[in-house]
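Fold and contact review
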Amino acid sequence: MRVLKYLLVLLVFAAGAAQAEKRVALVIGNSTYENASVLANPTNDARAMADKLGRIGFDVMLREDLSGQDFRIALGEFTEKALSSDIALVFYAGHGIEMGGRNYLIPVDARMRSEATATFETVALDSMLTTVKQAGKLGLIMLDACRDNPFAAAMQRTDGTRSLRRGLAPVSIEGQSGLLVSFAAQAGSTAADGDTMHSPYTAALLQVLDEPGLEVGRMFRKVRKLVREATDGQQVPIERMQLPDEAIYLVAAPPTGGESPQLPEKDEDEAPKQPPMQEDPLLVFLDAVQSGSKEKLEEFVRRYPDHPKAADARKLLLDMADTEFWQYTVSQDTEDAYRTYLIAFPEGRYADEAKDKLAAYNQPDPTPVNPAPPTPSQPVPVGQCAPLNGDWAVTGVPSDDTLFVRSGPDGDARAVGELPYNAVGISNVSCRSSGWCSLTYGCIKGWAYGGKYMGRGGTAGTSAFQGYYSVVDVASNDTLNLRTGPGKSKYGYDYDVVAELPYNATGVYVTDCQAHLNYRYRWCAVSYQGVSGWAYGRFLQSPSGQRPSRTTRAISAGASCTDLWYERNSIFDRNGYCFKTDRGKTAFDNSDCFTSNPSLTNAERNRVNEIKRLESQMGC
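Overview of the structure.

Conventions and cut-offs
- Residues numbered from 1 in each chain as written.
- Predicted model: local features only at pLDDT ≥ 70, side-chain atom pairs only at ≥ 80, totals over all residues.
- Heavy atoms only, no water.
- Axes fitted to C-alpha atoms, helices over the stretch in contact; angles between N-to-C directions.
- Helix = DSSP H or I, 4+ residues; strand = E, 2+ residues; numbered from the N terminus.
- Parallel < 35°, antiparallel > 145°, perpendicular 65-115°, else oblique.
- Left-handed = near helix turned anticlockwise from the far one by under 90°.
- Contact = heavy atoms within 4.5 Å.
- Phe/Tyr/Trp six-rings, centres within 6.5 Å; stacked < 30°, edge-to-face > 60°.
- Buried < 20%, exposed > 50% of the residue type's maximum accessible area, 1.4 Å probe, protein only.
- Lys NZ or Arg CZ within 6 Å of the ring centre and 35° of its normal.

1. Details of the packing of helix α3 (residues 68–83) against helix α5 (residues 125–132)
- Axis separation between α3 and α5 bottoms out at 9 Å; the angle between their running directions is 20 degrees. Between α3 and α5, the angle is such that the two are roughly parallel. As α3 packs across α5, the resulting crossing turns out to be left-handed. Across the interface between the two elements, Phe71, Leu75, Phe78, Thr79 and Ala82 of α3 pack against Ser127, Met128 and Thr131 of α5.

Listed below in structure tokens is the structure:
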């Protein structure tokens, strides 16, 4: 209980420091070099460092395997953050090189054929120093970049009498205040990449960064001691510092209930008089479980292999690997992929589904039928869609939302589609005790959380956009795509195309339309002659000439003056009208307007006149 109280106090004080100071960090891990051997640990080091810094109040930019251009862009973005910060920190793990007494960090696409060209391919450490010096209190650079350089032996020298030194060169920061540069090894020496998850230098940093009440200067002396002990004296970090007059703590000391006498500073190389506080392995395990971090669970197993909770940690790691492999298997969706999954995880959580998939592959092929070629009034299917004749329906989803369909029974699985809030006819439903259900809805197949949002025998809600539409404004040599979801997922990737509608299709039934991301028009769930999916509302038109734009409002018998105004002006908006009144500019986007005299179709003009009559009758 005492340890738990101490942990809570530590979290409170770390949060308090983050509120009092603006802290920013750029964390870079370069592992996958294109013209040199891959380094095992920099990306592991960077991810762990980013997580640690985030926990003690830093706003972290994490970047991995940066090319030269991406490296410079990241440094430029971070410079803007550093300008308004109190503490600006850069951590870099990867290859670095010293040339002519200056240090350079090496992007993953560098060729490094000669010293003359290498300065243009690399990023000078001086530019990083310039960036962190913008911070108000402290600029801090931590370089795990003193690894033995594979480029040095093959590089042509500008000066044939001078060799390239091993490791990195010392830097001078004399006359500057609030600056600290830490190197993983002494000048002219190299640092180990490490035989475990992290290099010795990064492992030491991760151990001390969140230690309460440890002043920054003393913290790096402690890092030096830990690395020297871990490498039997083969590697000794070094730092250059000009600290401000104010003592800097990354994590403040917890309160002791009163004034504590100040202890004289001692060099961390001396033997401690008091044994350090031992961490509780159970709390380490609970923290790893709560974070959901694979790296933290692996670190727990490595440090406490015989702890009673180590078996639970190994099981969690196996479950994570099972889920990751299954997501990859589903993305491949081949017989070999499902067979490989069963070899790797014969008792896995998805083994039954993999067996079902293999059984389907082993079914005899049906007698081939030569279908008649499609006519211009028929859809052009990309795949076969199941009929919407099941007895399950979506329930409990708000009318302005959708139900995600995922590749596996897990909230972290990839989203493969979305169902409208009023979807009915869902078939092939099979639910697990967890509440996740496999399902088929037309061309959309996957898993949804049916325990809360699906029910048998449900009835469809009535959408304001429900009804029959026609495809419009599609070229005669083109088609309208149907996707498994509304355009792009919220995670940034496009949903799959499952069918195509002809350019002149009529009688397209719309179940519902949703405003989505930054699209100007809504995306609509539609069905047409045996195929179904989501179509972009820009190319759908109702019999009254209305298209489901983002600002479209359905007009009912009890429509208000505001509703009528919105519908009337949305017709002008979709035809490029530039609004002049403040109300129009506020309600509609004028950024892509192009005319003050839009050309309306007969149907649109008739609808406008009808709305005007209604407005007049209501005294609007």
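2. Concerning the packing of aromatic side chains
- This structure, assessed with the given rule, holds 14 aromatic pairs.
- Here Phe71 and Tyr92 contribute two aromatic rings whose centre-to-centre distance is 5.9 Å and whose plane-to-plane angle is 35 degrees, an arrangement assigned as tilted. Placement of the pair is Phe71 in helix α3 and Tyr92 in strand β3 (residues 87–93), with a sequence separation of 21 residues.
- The exposure class of Phe71 is buried, given its relative accessible area of 0%.
- By relative accessible area, Tyr92 is classed as buried at 0%.
- Here Tyr577 and Phe579 contribute two aromatic rings whose centre-to-centre distance is 5.0 Å and whose plane-to-plane angle is 85 degrees, an arrangement assigned as edge-to-face.
- Exposure remark for Phe579: the relative accessible area of 5% places this residue in the buried category.
- Positioned above the aromatic ring of Tyr493, the side-chain terminus of Arg414 is 3.6 Å from the ring centre.
- The ring of Trp565 is capped by Arg583, whose NZ or CZ atom sits 3.8 Å from the centre of that ring.

3. Side note on unusual backbone geometry
- Despite not being glycine, Met112 shows a phi value in the positive range, around 55 degrees.
- Looking at where Met112 falls in the secondary structure, it is placed in the loop between β5 (102–105) and α4 (115–121).
- Even without glycine at this site, Asp473 takes up a positive phi of about 60 degrees.
- Here Asp473 lies in the loop between β18 (467–471) and β19 (479–483).

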